[in-house]
Amino acid sequence: MNIFSKFLIKEGEKPASPAVRERAGNFSGGLGIALNTLLAGCKIAVGALTGMISVLADGMNNLTDCGSNVVSIIGFKMSGKPADKEHPFGHQRAESISALVIALIVLVVAVELAVQSVEKIITPAASEFSVWLAVVLGISVAVKLFMFFLNRALARTVESEALRATAADSISDAVATAAVLLALLISHWTGFDLDGYMGVAVAIFIAFTGGSILKETVSRLLGKAPDHSVIEEIEQRVLAFDGVHGLHDLTVHSYGQNKLYATVHVEVDSHMPIMEAHDLADEIEKNFAAETDIALTVHIDPLVLDDPKVNRYRQEAERIVLSVDPRFRLHDFRVVGGTAHSNLVFDVAVPFDCKMSETEILSRIRDGVSLLDGNLDAVVTVERQNLE
């Protein structure tokens with residue numbers, strides 16, 4: 001929590017609720033539009049008067065920041081809309097779309113600045129030093145640093161991807177303007193015109209910032225793996241229920257900040273009555289609905305725990321799987337067959353970064369099972385999962 005909580009969060013509201021997030025987005029966007037418009041007007045005017053291409057371009061950058069602020073406000077407004085017939089999971093991914101647009105705007109500005117700076121290097125034009133110009137640039141650095149700290153604090157309060165992108169844009173603007181100011185002072189003291197060269201350096205820095213925002217946003221839209229802390233929270237909460245012996249096949253889908261849908265297979269004793277197992281699944285799902293922002297769906301998997309033969313084969317199968325790779329995980333184990341021949345049927349969870357092919361994994365497991373007993377075979381399903 002921080003000082004923004006006092007006027008952004010009303011009594012009884014969660015910090016990351018849609019209403020609080022929209023208020024934070026509107027506050028950040030409105031203030032950003034006002035400050036960026038003021039900075040853009042001052043820089044464009046002073047840059048045109050002095051002939052400083054980097055200052056003029058920096059002013060245009062602030063002008064496009066106004067567009068980013070408008071996009072951010074629209075994104076927060078859309079993400080706060082409730083679910084409807086066409087969007088049953090809500091509209092919270094609109095915030096990621098707004099972050100994507102901000103990243104694209106930043107990249108366009110970087111390209112335009114690079115082109116103008118290269119032209120200034122090829123065809124130098126005299127630029128005039130002005131104390132007022134240095135003052136305007138110094139104030140701009142201070143304002144952008146203020147906007148960076150403001151948006152970073154807001155982003156942490158409401159856990160906003162778009163506000164994090166805006167904060168990253170603000171700090172890149174502060175560095176860019178500081179570089180322009182440094183080039184102006186060095187050029188004045190040495191007589192060597194660094195305007196075009198510094199413009200290229202600033203363009204590269206801005207492009208790097210835009211590329212980082214773009215990469216992170218696209219990753220989320222494509223279905224980025226959830227944070228490890230989310231997985232741990234789900235596992236610990238599920239395992240805390242009486243009657244749960246384990247879990248597997250946990251899958252989490254994100255439809256925006258605090259809009260998570262998950263499915264999990266919960267292992268219980270095979271002798272548990274079906275109605276009792278159903279009640280357990282309901283209890284877990286209701287607990288998540290009441291105490292978390294995760295909509296969880298539970299699938300019950302029965303485990304045979306009182307058969308010595310099955311337990312021995314399970315232990316041997318786990319040993320064989322771990323000998324192939326200690327990171328592998330076995331689940332859904334059962335024994336199918338008669339007295340002469342039996343199949344050990346189970347699934348093996350394999351991390352995505354495992355270099356072995358599915359054919360190699362299956363071959364090594366089946367070879368290990370055959371060494372236990374010539375009348376045994378393994379029927380294995382390999383699943384690629386995030387096993388951090």
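Throughout, a residue's number is its position along its own chain's written sequence, starting from 1. Given that the model is predicted, a residue must reach a pLDDT of at least 70 before its local features are reported, and side-chain atom pairs must reach 80 or more before they are shown or counted; all residues, however, enter totals for whole chains, interfaces and linings. With hydrogens and water stripped out, all remaining heavy atoms of the structure feed into the side-chain values.

By the convention used here, strands pair only if DSSP detects at least 2 bridges between them. Counting from the N terminus, the helices are the DSSP runs of H or I reaching at least four residues and the strands are the DSSP runs of E reaching at least two. The strand order across the open sheet formed by 3 strands is β1-β2-β3, and the pairing between neighbours is mixed. If you trace the sheet from one side to the other, it starts and ends with β1 (246-254) and β3 (294-303), each paired once. Taking the axes of each pair of neighbouring strands and ignoring which way they run, one obtains an average angle of 15° across the sheet. The sheet contact formed by strand β2 (residues 260-269) and β3 spans 10 bridges and is parallel. Its bridge partner being in β3, Glu267 is matched across the sheet by Asp301. Docked against the sheet, helix α9 (residues 274-291) engages β2 and β3, running at close to 155° with respect to β3. Where helices are involved, their axes are fitted lines through C-alpha atoms of the stretch in contact, as for all axes, and angles between N-to-C directions lie from 0 to 180°. Only heavy atoms matter for contacts: two residues are in contact if any of them lie within 4.5 Å across the pair.

The next point concerns the pattern of salt bridges. We define a salt bridge as a side-chain nitrogen of Lys or Arg found within 4 Å of a carboxyl oxygen belonging to Asp or Glu. Scanning the entire structure with this criterion turns up 6 salt bridges. Here Arg327 ties to Asp353 by a salt bridge, and the two come within 2.9 Å at their closest N and O atoms. Here Arg327, found in the loop between α10 (308-324) and β4 (329-337), pairs with Asp353, found in the loop between β5 (342-351) and α11 (358-372); they are 26 residues apart in sequence, far enough to count as distant. Connected through salt bridges with shared partners, the residues Asp325, Arg327 and Asp353 form a single ionic network.

This part takes up the confidence of the model for the protein. As a general rule, the predicted coordinates of low-pLDDT regions are not to be interpreted in detail. A score between 0 and 100, pLDDT records how confident the predictor is in each residue. Chain-level pLDDT for the protein is 82 on average; 92% of the residues reach the 70-or-more range. In the model of the protein, helix α1 (residues 5-8) stands out as the element of lowest mean pLDDT, 63, in contrast to α9, which has the highest, 93.

With respect to the helices, strands and loops of the structure, Ala103 is situated in helix α4 (residues 94-122). The buried label applies to any residue whose accessible area, calculated with a 1.4 Å probe on protein chains only, is under 20% of its type's maximum; exposed applies above 50%, and partly exposed to all values in between. By relative accessible area, Ala103 is classed as buried at 0%. Separated by 186 residues in sequence, Ala103 and Ala289 place their C-alpha atoms 34 Å apart. Not counting the four nearest positions on each side in its chain, Ala103 is found in contact with Gly210, Ile213 and Leu214.

Okay, the sheet that holds strand β6 (residues 376-385) next. If you trace the 3 strands from one edge of the open sheet to the other, you get β4-β5-β6, paired in mixed fashion. Every other strand in the sheet has two partners, leaving β4 and β6 as the edge strands with one partner each. Strand after strand, the sheet turns through a mean of 15° between neighbouring axes, direction not considered. Relative to β5, β4 runs antiparallel, the two being bridged by 7 bridges. Across the sheet, residue Leu330 finds its bridge partner in β5, namely Val348.

Across the interface, helix α2 (residues 18-50) lies against helix α5 (residues 131-158) with an axial gap of 11 Å and an inter-helix angle of 165°. As summarised for this structure, α2 and α5 are arranged roughly antiparallel, according to the angle between their axes. In the crossing of α2 with α5, the sense of the turn from one axis to the other is left-handed. Residues are grouped as follows: Ala, Val, Leu, Ile, Met, Phe, Trp, Tyr, Cys and Pro are nonpolar; Asp, Glu, Lys and Arg are charged; every other residue, Gly included, is polar. Taken together, the residues that form the contact of α2 with α5 break down as 16 nonpolar, 6 polar and 3 charged. Orientation categories follow fixed angle ranges, with anything under 35 degrees roughly parallel, anything over 145 roughly antiparallel, 65 to 115 roughly perpendicular, and all other angles oblique. Helix crossings get a hand from a simple test, with the near helix turned counterclockwise from the far one by less than a right angle marking a left-handed crossing and a clockwise turn marking a right-handed one.

Attention now goes to unusual backbone geometry. One non-glycine residue, Asp249, lies in positive phi territory at about 50°. Note that Asp249 resides in strand β1. A positive phi is found at Asp332, a non-glycine position, where the angle reads about 55°. Its place among the elements puts Asp332 in strand β4.

Before going further, it helps to spend a moment on empty space enclosed by the protein. Using only the protein atoms, space was sampled on a 1 Å grid; points where a 1.4 Å probe fits but cannot get out form cavities, open sets with protein on both sides within 12 Å along at least five of seven lines form pockets, and lining residues are those with an atom within 4 Å of a point. Grid points are joined across faces, edges and corners, and a volume is the space filled by probe spheres set on the points. Scanning the entire structure with this criterion turns up 2 cavities of 30 Å³ or more. Lining the largest cavity, in full, are Asn36, Asp65, Ser68, Asn69, Lys144, Met147, Thr166, Asp169, Ser170 and Asp173. Broken down by secondary-structure element, the contributors of at least two residues to the lining of the largest cavity are α3 (53-79), α5 and α6 (161-190). Sort the elements by how many residues they give to the lining of the largest cavity and α6 lands first, with 4 residues. Quantified by volume, the second largest cavity comes out at close to 40 Å³. Lining of the second largest cavity is provided by Ser28, Leu31, Gly32, Asn69, Met147, Leu150, Asn151 and Thr166. Listed by contribution, the elements that provide at least two residues to the lining of the second largest cavity are α2 and α5. Residues belonging to the lining of the second largest cavity are distributed by class as follows: 3 nonpolar, 5 polar and no charged.

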